[in-house]
Amino acid sequence: MVQSLPEMPDKAGYFGEYGGQIIPPELKAVMDKISDAYEEVRKTQAFQDELQELYAYYVGRPSPVYYARRLTERQGGARIFLKREDLNHTGAHKINHCLGQALLARFMGKTKVLAETGAGQHGVALATACALVGIPCEIHMGVVDMKKERPNVTKMQILGATMVPVTRGTQTLKDAVDSAFDEYIKDPVNFLYAIGSAVGPHPFPKMVRDFQSIIGKEAREQFLAREKRLPDMVVACVGGGSNAIGMFTEFLPDEAVRLVGVEPAGKGLDTPDNAATMSLGRKGVLHGYRCYALQDENGNTLPVYSIASGLDYPGVGPQHCYLRDIGRVQYEAVTDDECLDAFLTLSRVEGIIPALESAHAVAYAMKVAKEMDPDKAILVNLSGRGDKDADFVAGKLAL
Ligand SMILES: *Cc1c(COP(=O)(O)O)cnc(C)c1O
């Protein structure tokens, strides 16, 4: 097999010009320790066995690849398949990398794992993994978000996580990041800051990708076994980019397979209310790494918006930036309205309620399938289930 892409990232954590460790020297030393520990532990059979066992018997892997026959018939054109990450324990792909990071924290003898959360999805997945592995977990969350996302707050509390309500600034995600980071730098040697996507300073984009790459490994094998060929197109939504890079990695050498990342166009690319980093961003530095980011000329981060709170992030994982520049992955944007339409259509035609994040990928597949021949196949990563979004959508559409 021709391996046309180099091993990524390089030793310094760069994917081409993106990624790296744009952080103070003290913190760089800490990140290098994490990187060394990760490289050491991932080569051990015990670590791989434990992770695989958890994936199989705890998460419920492999998640199925499902042929969405009724959705395909409704749209006409290419057949649409779904990789069912929504069926994982806790309802999304995030558990894959949270388990990996919790095991790493235990291996490194960390005394506390901490993180911020916006809508609470990362917080719940991390609190779950920490409960399982037996490590104290601390979640920082803006009080505005805590009011909005009460069920997730309750879940994190039940799972034994310490909730830190953040009252500074806008009392939302951005301030929760600052609050969690302030706590982390009090003792970075003994704490692990568990990052929620394939973003942040090296080694996090690599580590999170490695833990998520189980999605594409399974999906490629499952699709081949079932169809005796590869899909023509693979689609995933992109916030920070963890579910997408997890899905894409195994397909990167398959040049005939088109890879499409779908980002949120929100209320439109011509409005300020979007989070279309690839479509509208410029090269910059965010959260300790280089990437495309929604920033002004002075590097100030712009406010972002999406109907799917898991996608409203002003940056994007460094490997995605590289894959975009070399043309291996194409990035498209889908609006809130298209997302809502896909959410309701998949629910009513297939009986599958998708997360609003995942509905972005479904919406793109629905759009493009119509323009493709019926002998073509599109594989969509259904990153999570939509229970969390049900009340919001019902209110919004006045169902
Ligand atoms: C958090 C989340 C996302 C966005 O995160 P990525 O790192 O871009 O994958 C997508 N889908 C679901 C269901 C999520 O919970």
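This structure is a prediction, so every number in the text was calculated from the model and none was measured.

*Asks:* Would you mind going over the site of the ligand with me for this structure?
*Replies:* Lining the immediate surroundings of the ligand are 17 residues, of which Lys94, Ser197, Gly239, Ser242 and Ser383 lie closest. One nitrogen or oxygen atom from the side chain of histidine 93 is found 3.1 Å from an oxygen atom belonging to the ligand. Within the side chain of asparagine 243, a nitrogen or oxygen atom sits 2.8 Å from an oxygen atom of the ligand. Starting from 380 Å² of accessible surface for the ligand in isolation, the protein chains cover 97%. Residue classes in the shell around the ligand are distributed as five nonpolar, ten polar and two charged. Split by domain, the shell around the ligand shows at least three residues from each of two domains, domain 1 (15-55 + 93-209) and domain 2 (60-91 + 212-397).

*Asks:* Even after reading the chapter, I still don't get unusual backbone geometry, so can you show me in this structure?
*Replies:* Most peptide bonds adopt trans geometry, and most residues besides glycine take a negative phi value. In this chain, methionine 8 is followed by proline 9 through a cis amide linkage whose omega measures -5°. Relative to the helices and strands, proline 9 is located in the segment before strand 1 (14-15). Across the junction of histidine 202 and proline 203, the peptide omega takes the value 15°, indicating a cis bond. Along the polypeptide, proline 203 turns up in the loop between strand 8 (191-193) and helix 9 (204-212).

*Asks:* Got a minute to help me understand the side chain of asparagine 381 in this structure?
*Replies:* Counting through the fold element by element, asparagine 381 comes out in strand 14 (residues 377-382). Within the structure, the side chain of asparagine 381 is placed 2.9 Å from the side chain of asparagine 243, a separation counted as a polar contact. Once you skip the residues sitting within four places of it in the chain, asparagine 381 turns out to touch Lys83, Glu85, Ile215, Val235, Ala236, Asn243, Met247 and Ala361.

*Asks:* Teacher, can you tell me more about the packing of aromatic side chains here?
*Replies:* We describe a pair of aromatic rings using the distance from one ring centre to the other and the angle between the two ring planes. Enumeration according to the criterion identifies eight aromatic pairs in this entry. For the pair tyrosine 38 and phenylalanine 211, a centre-to-centre distance of 5.7 Å together with 75° between the ring planes defines the contact as edge-to-face. Here tyrosine 38, found in helix 1 (residues 25-42), pairs with phenylalanine 211, found in helix 9; they are 173 residues apart in sequence, far enough to count as distant. In this pair, the class of tyrosine 38 matches that of phenylalanine 211, namely buried.

*Asks:* Would you take a moment to explain the layout of surface pockets for this structure?
*Replies:* Any empty space left between atoms is shown by rolling a water-sized probe over those atoms. Quantified by volume, the second largest pocket comes out at close to 710 Å³. Taken together, 30 residues line the second largest pocket, and the ones lying closest to its centre are Arg209, Asp210, Ser213, Lys217 and Thr249. Listing elements by their share of the lining of the second largest pocket, those giving two or more residues are helix 1, helix 2 (45-59), helix 9, helix 10 (214-227) and helix 13 (318-325). The element that contributes the greatest number of residues to the lining of the second largest pocket is helix 2, accounting for five residues. Here the lining of the second largest pocket is built from residues that sort into 15 nonpolar, six polar and nine charged.

*Asks:* Teacher, can you tell me more about helix 4 (residues 94-107) here?
*Replies:* The α-helix advances 3.6 residues per turn, and as a result positions three or four apart in sequence lie on the same side. When the terminal C-alpha atoms of helix 4 are compared, their 20 Å separation across 14 residues agrees well with the 20 Å that a helix rising 1.5 Å per residue should span. Burial analysis of helix 4 places twelve of its 14 residues in the buried class, the great majority of the element. Considered for burial, the residues of helix 4 that qualify are Lys94, Ile95, Asn96, His97, Cys98, Leu99, Gly100, Gln101, Ala102, Leu103, Leu104 and Ala105. One or two positions beyond helix 4, positive phi appears at glycine 109, with a value near 70°.

*Asks:* Just checking my understanding: could you explain the environment of glycine 142 for this structure?
*Replies:* Relative to the assigned elements, glycine 142 resides in strand 6 (residues 137-142). Placed 23 residues apart in sequence, glycine 142 and proline 165 show a C-alpha to C-alpha distance of 5.7 Å. In contact with glycine 142, other than residues within four places in its own chain, are Val166, Gln171, Thr172 and Ala176.

*Asks:* Help me understand the sheet that holds strand 5 (residues 112-116), please; the structure alone is not making it clear to me.
*Replies:* By definition, the strands of a sheet pair up through backbone hydrogen bonds, in either a parallel or an antiparallel sense. If you trace the four strands from one edge of the open sheet to the other, you get 7-6-5-8, paired in parallel fashion. Each end of this open sheet is capped by a strand with a single partner; those strands are strand 7 (162-166) and strand 8. Mean inter-strand twist for the sheet, computed between neighbouring axes without regard to direction, equals 25°. Running at roughly 155° to strand 5, helix 8 (residues 173-184) makes contact with strand 5, strand 6, strand 7 and strand 8 of the sheet.

*Asks:* Where do I start with the pattern of salt bridges in this structure?
*Replies:* Oppositely charged side chains are able to pair whenever their charged atoms sit close together. Under the criterion given, the structure shown has 25 salt bridges. A salt bridge links glutamate 39 to arginine 42, with the nearest nitrogen and oxygen atoms 2.8 Å apart. Here the residue glutamate 39 and the residue arginine 42 both occupy positions in helix 1, the gap between them amounting to three residues, near one helical turn. Of the residues examined, glutamate 39 reaches a relative accessible area of 19% and is grouped as buried.

*Asks:* For this particular structure, what's the right way to read the nonpolar core?
*Replies:* Where a protein is soluble and globular, its nonpolar side chains tend to be buried together. Among the nonpolar cores identified, the biggest contains 88 residues, and Ile34, Leu126 and Tyr184 are the most heavily contacted of them. Three or more residues apiece are contributed to this core by two domains, here domain 1 (15-55 + 93-209) and domain 2 (60-91 + 212-397). Leave out the neighbours within four places in its chain, and isoleucine 34 touches Leu104, Met108, Tyr184, Leu192, Pro203, Phe204 and Met207.

Each value, and the rule that gives it
Residues numbered from 1 in each chain as written. Predicted model: local features only at pLDDT ≥ 70, side-chain atom pairs only at ≥ 80, totals over all residues. Heavy atoms only, no water. Near = heavy atom within 4 Å. Polar contact = N/O pair within 3.5 Å; in protein donor to acceptor, adjacent residues only side chain to side chain. Areas by Shrake-Rupley, 256 points an atom, 1.4 Å probe, with all protein chains shown as cover. Nonpolar A, V, L, I, M, F, W, Y, C, P; charged D, E, K, R; others polar. Domains from an automatic or database assignment. Helix = DSSP H or I, 4+ residues; strand = E, 2+ residues; numbered from the N terminus. Contact = heavy atoms within 4.5 Å. Phe/Tyr/Trp six-rings, centres within 6.5 Å; stacked < 30°, edge-to-face > 60°. Buried < 20%, exposed > 50% of the residue type's maximum accessible area, 1.4 Å probe, protein only. 1 Å grid on protein atoms, 1.4 Å probe; cavity = no way out; pocket = protein on both sides within 12 Å on 5 of 7 lines; lining within 4 Å. Points joined across faces, edges and corners; volume = space filled by probe spheres on them. Expected span 1.5 Å × (residues − 1). Pairing = 2+ DSSP bridges. Axes fitted to C-alpha atoms, helices over the stretch in contact; angles between N-to-C directions. Salt bridge = Lys/Arg side-chain N within 4 Å of Asp/Glu carboxyl O. Core = buried A, V, L, I, M, F, W, Y, C linked by side-chain atoms within 4.5 Å.

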